[in-house]
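# Observations on the three-dimensional arrangement
Letter by letter, the chains look like this.
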Amino acid sequence: MFKIMMLPDAENFLNVVSNSRGQVLLHLPDDSRCDLKRDNTARQLLRAMRPREEGLCISLSDARDVPAFLDYMIGSARRPC
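Let me sum up the structure you'll find in this document. (Residues numbered from 1 in each chain as written. Predicted model: local features only at pLDDT ≥ 70, side-chain atom pairs only at ≥ 80, totals over all residues. Heavy atoms only, no water.)

### Focus: the overall build of the chain
The helix and strand tally for the chain stands at three helices and four strands. In the chain, the succession of α and β elements from N to C terminus is β-α-β-β-α-β-α. For 81 residues, the compact-globule formula gives about 12 Å, and the C-alpha radius of gyration of the chain, at 12 Å, lands near that figure. If you line up the chain on its principal axes, its C-alpha atoms span 30 × 25 × 20 Å. The burial tally for the chain puts 38% of its 81 residues in the buried class. Residue pairs in contact within the chain that sit at least 24 positions apart in sequence constitute 68% of those at least 6 positions apart. Just so you have it, the chain exposes about 5,300 Å², and 50% of that area is on carbon and sulfur atoms. Seen as two clouds, the 12 positive and the 11 negative side-chain charges of the chain have centres 5 Å apart. (Helix = DSSP H or I, 4+ residues; strand = E, 2+ residues; numbered from the N terminus. Rg over C-alpha atoms; globule rule 2.2 N^0.38 Å. Buried < 20%, exposed > 50% of the residue type's maximum accessible area, 1.4 Å probe, protein only. Contact = heavy atoms within 4.5 Å. Areas by Shrake-Rupley, 256 points an atom, 1.4 Å probe, with all protein chains shown as cover. Lys, Arg positive; Asp, Glu negative; His and termini not counted. Charge placed at Lys NZ, Arg CZ, Asp CG, Glu CD.)

### A word on the nonpolar core
With 18 residues, the main nonpolar core has Leu7, Phe13, Val17, Leu36, Leu46, Ile58 and Phe69 as its most contacted residues. Taken together, the elements giving at least two residues each to this core come down to β1 (2–4), α1 (10–18), β2 (24–27), α2 (40–48), β4 (56–60) and α3 (66–78). Broken down by element, the residue count for this core peaks at five residues, all from α1. (Core = buried A, V, L, I, M, F, W, Y, C linked by side-chain atoms within 4.5 Å.)

### Let's talk about the pattern of salt bridges
By the definition in use, this model includes three salt bridges. Note that Glu11 is salt-bridged to Arg47, the shortest N-O span being 2.4 Å. Of this pair, Glu11 sits in helix α1 while Arg47 sits in helix α2, and the two are 36 residues apart along the sequence. Looking at Glu11, the relative accessible area reads 39%, which means it is partly exposed. Its salt-bridge partner being Arg64, residue Asp62 comes within 2.7 Å of it at the nearest N-O pair. (Salt bridge = Lys/Arg side-chain N within 4 Å of Asp/Glu carboxyl O.)

### Comments concerning unusual backbone geometry
Even without a glycine there, the phi angle at Asp31 is positive, about 70°. Relative to the assigned elements, Asp31 resides in the loop between β2 and β3 (33–35).

This is the structure we're talking about:
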């Protein structure tokens, strides 16, 4: 599971989601999950929101997707907010 503390470029993040091989599950506060690849409402909410101190928790169903998400997270950390 990844915890994302900032999301400076939601569109770039959603491109990584769209290009992933497996499911990208967003873990919600009520312990439910939604697949960001298929749930358009969740994608729209992600575009509008900013992660707070608890961050966004996502999990990946395909381990081959991990490098792309790590690249996104490292690249986001290098950009000024």
